[in-house]
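Here is what each chain is made of, one letter per residue.
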Amino acid sequence: MQSSAPQDQRNRKRVVLVDDHALVRAGVKSEIGDAVDVVGEADDVEGAIDVICATVPDVVLLDVHLPGGNGPAVIAGVRAAEVQTTFLALSVSDAAEDVIAVIRAGARGYVTKAIASSELIDAITRVAAGDAVFSPRLAGFVLDAFAGSLPTDQVDPELDLLTNREQEVMRLLARGYAYKEVAKRLSISIKTVETHASSVLRKLQLSNRHQLSRWAADRRLI
Amino acid sequence: MLTGTAAGIAIELGVDARLIRLAFVLLAVAGGWGVLFYIGFAALMWKQPHVGYVPVGKARSETHRVVAVVAVVIGVAMLCVTAPIGLPPVLVLPAALLAAGAAGSADWSLLRWRPSGTVEAATASEQSRWRLLFGLGCVLLAVVVALSLSLSLTQAISGSIVAALVLVGAAVVFAPMLRTLGNDLMAERRERIRVEERSEMAAHLHDSVLQTLTLIQKRSNDSTVTSLARRQERELRGWLFDDRAIKPNLGFRSVLEQAMAAVEETHNTPIEVVVVGDAPVTAELDALVRAATEAANNAARHSGAAQVDVFAEISDQTVEIFVRDQGCGFDPESVDPDRVGVRDSIRGRMERLKGTTSITTGPGEGTEVELVLPFVVEPEPAR
């Protein structure tokens, strides 16, 4: 696992880890501790909201499943306290509706815990800069969520449909392409790829497409 | 006016409340039975102290209902006996007893529609068993009273025995039916408990074991341990998130995931599989999965990449599978002609399926194999 270039002390991102497993927190901390400052940890919803509000980190690495209410509850609590921070969902969970729920609550991306250290650090830097972070799996969930046609009178094209370009970007991300590879493949700039990704994230968060909720319900674990 | 009873009846019947009150007063003056009626209806409707009236059919306690029914039945019976109409007691008393028995024993809520899955709420409870006994007792008593009022005592007794025999006979006839119903309800309840327990266990495994397995993979430097943990994680994940454990018939998604899991195990290289859409597996799709498996095998065996990405998408017109690695790549011009894998297992297979294969690669550039199969599928609903 190649570590990313050492960052300037002033630019080091301040990160809070929220995960109910101390072992996982310790593991993640040791992986990213060289590149970012871990300023706080929490293992449940209430503790997470307190720590985040007290430290106001750049990025919160948020487990999807937590005792006392899961990831979306943390995001809602922090939003209610009007604290500005960015959430990156980090989970072993592959259940689509859990991931979609935390994104719709406001997380700026989703990566799995199996991610390489360098990629995790890269993802933290990118969400801190305002970008959306799509793992291949999240891109696949998005394509699934927006697949299929709806009766035209129920469609808000601004929110309920992906443009062709956005679909292309999502497909390439699902195929395992990094943003710069997507840019090269589509002959567009990385900045444009990021714009498309952010736009898709916004649609995922705001669309009331009934397909999205039905699809989520159909895949319910329990 | 005391309890809103008259108003309630008025609403229910759609007449002026004053008329109802007048009727109660007249009945009370005439023979005192109006008071009984009033108590009966009041109990029937009593629920919300301030509103007084709850529409008939809404939630009411068991005791209220019994009191109400008994009061009304007695009221009607007395009215019939004492009123100038002059109905003989021989008809009225047994009828009243029958009515009371029916009202007391039957669980009228059974007649109302209820969603499936709550049937269990209607199963025989201790209470309903007593109600049934009460009802049977009333019926038997009614028979005895009717007979004894019209016949001599000995005739009444023999008649009662006949009646009792009839009841026993009916019980024998209907017992198996009731028994079957009871068994069905038990089976349903057991099934639901089983599903609930499984869900609970799944949630627990997800939060504990799955986390640990992921951690082991990340922290262990021993490749055997890592691959073991990964395999366990995958199996557990499949059990948790798939219906596979419940429904054995596999869709395209499951078949592809299983095939890739086998490759992953053979070569000890993580394969990230992302599938969009699903469809029942046909012979064509099965062959497509085999071609993709061969491509993944090649990537894992030759590329030296740390990970292989597999992405499959089923749309209305095509099924596409991409197998990509970021390994050493190769020069397509200089491929050893002995390497039959690509030629036969991938290209040949796709040609027979009337699909296409394209391979994008170059030395040091990684490799991506793209398999496209024209395909018309009814997308599985809600998948």
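## Considering the overall build of chain B
Here is step 1 of the chain: For chain B, the helix and strand inventory stands at 11 helices and five strands.
Here is step 2 of the chain: In chain B, which comprises 383 residues, the proportion classed as buried is 36%.
Here is step 3 of the chain: Across chain B, the fraction of contacts at a sequence separation of at least 24, relative to all contacts at a separation of at least 6, is 66%.
Here is step 4 of the chain: Summed over all atoms, the accessible surface of chain B reaches about 22,000 Å², with 64% contributed by carbon and sulfur.

## Brief notes about the overall build of chain A
Here is step 1 of the chain: Counting secondary structure elements, chain A contains 11 helices and six strands.
Here is step 2 of the chain: Residue pairs at least 24 apart in sequence account for 67% of intrachain contacts in chain A once pairs closer than 6 positions are excluded.

## Some thoughts on the interface of chain B and chain A
Here is step 1 of the chain: Counting residues at the interface gives 30 residues for chain B and 33 residues for chain A.
Here is step 2 of the chain: Joining chain B to chain A, the criterion identifies six salt bridges.
Here is step 3 of the chain: A salt bridge links Glu368 of chain B to Arg185 of chain A; the shortest N-O distance between them is 3.7 Å.
Here is step 4 of the chain: Looking at the side of chain B that touches chain A, the elements with two or more residues in it are α7 (153–219), α8 (223–241), β1 (271–276), β2 (308–314) and β3 (318–325) of chain B.
Here is step 5 of the chain: Examining the composition of the side of chain B that touches chain A, we find that 11 residues originate from one element, α7 of chain B, more than from any other.
Here is step 6 of the chain: Grouping the constituent residues of the side of chain B that touches chain A by class yields 12 nonpolar, seven polar and 11 charged.

## Topic: the sheet that holds strand β2 (residues 37–42) of chain A
As a general point, the strands of a sheet are linked pairwise by backbone hydrogen bonds and lie either parallel or antiparallel.
Here is step 1 of the chain: Strand order in the open sheet made by the six strands is β2-β1-β3-β4-β5-β6 (chain A), with parallel pairing throughout. The outermost strands of the open sheet, each flanked by one partner alone, are β2 and β6 (133–134) of chain A.

## A short note on helix α10 (residues 190–206) of chain A
Here is step 1 of the chain: Look at α10 of chain A: 24 Å from first C-alpha to last across 17 residues, which is about the 24 Å you get at 1.5 Å a residue.
Here is step 2 of the chain: Residues of α10 of chain A that are buried include every one of Val193, Glu194, His196, Ala197, Val200, Leu201, Lys203, Leu204 and Gln205 of chain A, and no others.

## A look at a nonpolar patch on the surface
Residue and element names in this part refer to chain B.
Here is step 1 of the chain: A contiguous nonpolar patch, built from Val173, Phe174, Met177, Leu178 and Leu181 and spanning about 540 Å² of accessible area, is present on the exposed surface.
Here is step 2 of the chain: Structurally, Leu178 can be placed in helix α7.
Here is step 3 of the chain: Taking the relative accessible area as the measure of exposure, Leu178 reaches 54% and is therefore exposed.

## Details of the sheet that holds strand β5 (residues 367–374) of chain B
Residues and elements named next belong to chain B.
Here is step 1 of the chain: In space, the five strands of this open sheet follow the order β1-β2-β3-β5-β4, with mixed pairing throughout. Either end of the sheet is taken by a strand with one partner, and the two such strands are β1 and β4 (356–361). Strand-to-strand, the axes of this sheet are offset by a mean angle of 10°, without reference to chain direction.
Here is step 2 of the chain: Pairing analysis gives eight bridges linking β3 to β5, with the strands arranged antiparallel. Bridge pairing in β5 places Ile321 opposite Leu371.
Here is step 3 of the chain: Most of the contacts of helix α10 (residues 283–303) go to β3, to which it runs at about 10°, and overall it touches β1, β2, β3 and β5.

## A closer look at unusual backbone geometry
Residues and elements named next belong to chain A.
Here is step 1 of the chain: The phi dihedral of Val56 is positive, around 45°, even though this residue is not glycine.
Here is step 2 of the chain: The topology assignment puts Val56 in the loop between α2 (45–55) and β3 (59–62).
Here is step 3 of the chain: Overall, the relative accessible area of 38% leaves Val56 in the partly exposed class.
Here is step 4 of the chain: Of note, Glu82 is a non-glycine position whose phi angle comes to about 55°, a positive value.
Here is step 5 of the chain: Structurally, the position occupied by Glu82 is in the loop between α3 (70–80) and β4 (86–91).
Here is step 6 of the chain: Of the residues examined, Glu82 reaches a relative accessible area of 70% and is grouped as exposed.

## Here's the deal with the pairing of β4 of chain B
Residue and element names in this part refer to chain B.
Here is step 1 of the chain: As paired strands, β4 and β5 are joined by six bridges and run antiparallel to one another. Looking across to β5, one finds that Thr360 is bridged to Glu368.
Here is step 2 of the chain: Linkage of β4 to β5, two consecutive antiparallel strands, is achieved through a turn of five residues, within which Gly364 is found at a positive phi near 80°.

## Observations regarding the pattern of salt bridges
Here is step 1 of the chain: What the rule picks out here adds up to 19 salt bridges over all chains.
Here is step 2 of the chain: The residue Arg175 of chain A makes a salt bridge to Glu368 of chain B at a minimum N-O spacing of 2.7 Å. Linking Arg175 of chain A in the loop between α8 (164–174) and α9 (179–186) with Glu368 of chain B in strand β5, this pair reaches from one chain into another. Both residues of the pair, Arg175 of chain A and Glu368 of chain B, belong to the buried class.
Here is step 3 of the chain: Members of the salt-bridge network, linked through shared partners, are Asp19, Asp63 and Lys113 of chain A.

## So, the packing of α2 of chain A against α3 of chain A
Residues and elements named next belong to chain A.
Here is step 1 of the chain: The geometry of α2 relative to α3 is characterised by a closest axis approach of 9 Å and an angle of 35° between their N-to-C directions. Pair α2 / α3 crosses with right-handed handedness. Along the contact surface, α2 presents Val45, Ala48, Ile49 and Ile52, while α3 presents Asn70, Ala73, Val74, Gly77 and Val78.
Here is step 2 of the chain: For the contact of α2 with α3, the residue count by class is seven nonpolar, two polar and no charged.

## Let's talk about helix α6 (residues 136–145) of chain A
Here is step 1 of the chain: In terms of burial, α6 of chain A is largely enclosed, as nine of its 10 residues are buried.
Here is step 2 of the chain: Considered for burial, the residues of α6 of chain A that qualify are Arg137, Leu138, Ala139, Gly140, Phe141, Val142, Leu143, Asp144 and Ala145 of chain A.

## Thoughts on the packing of aromatic side chains
Here is step 1 of the chain: Inspection of every chain in the model, using the stated rule, returns one aromatic pair over all chains.
Here is step 2 of the chain: Note on Phe311 of chain B and Phe322 of chain B: the rings are 6.2 Å apart at their centroids and 15° apart in plane angle, and the pair reads as stacked. Here Phe322 of chain B lies in strand β3 and Phe311 of chain B lies in strand β2, a separation of 11 residues in the sequence. The same class applies to Phe311 of chain B as to Phe322 of chain B, namely buried.
Here is step 3 of the chain: Between Arg126 of chain A and the ring centre of Tyr179 of chain A, over which it is positioned, the NZ or CZ distance is 4.2 Å.
Here is step 4 of the chain: Over the face of the ring belonging to Phe322 of chain B we find Arg175 of chain A, whose NZ or CZ atom lies 3.5 Å from the ring centre.

## Let's talk about the confidence of the model for chain A
Here is step 1 of the chain: Within chain A, residue pLDDT values average 82, and 84% of them lie at 70 or more.
Here is step 2 of the chain: Across chain A, the secondary-structure element scoring lowest on mean pLDDT is helix α11 (residues 210–218) of chain A, at 51, and the one scoring highest is β3 of chain A, at 93.

What counts, and at which threshold
Residues numbered from 1 in each chain as written. Chains lettered and ligands numbered in written order. Predicted model: local features only at pLDDT ≥ 70, side-chain atom pairs only at ≥ 80, totals over all residues. Heavy atoms only, no water. Helix = DSSP H or I, 4+ residues; strand = E, 2+ residues; numbered from the N terminus. Buried < 20%, exposed > 50% of the residue type's maximum accessible area, 1.4 Å probe, protein only. Contact = heavy atoms within 4.5 Å. Areas by Shrake-Rupley, 256 points an atom, 1.4 Å probe, with all protein chains shown as cover. Salt bridge = Lys/Arg side-chain N within 4 Å of Asp/Glu carboxyl O. Nonpolar A, V, L, I, M, F, W, Y, C, P; charged D, E, K, R; others polar. Pairing = 2+ DSSP bridges. Expected span 1.5 Å × (residues − 1). Patch = residues over 30% accessible without salt bridge, like charges linked within 9 Å, V, L, I, M, F, W, Y side chains within 5 Å. Axes fitted to C-alpha atoms, helices over the stretch in contact; angles between N-to-C directions. Left-handed = near helix turned anticlockwise from the far one by under 90°. Phe/Tyr/Trp six-rings, centres within 6.5 Å; stacked < 30°, edge-to-face > 60°. Lys NZ or Arg CZ within 6 Å of the ring centre and 35° of its normal. pLDDT = per-residue confidence, 0-100.

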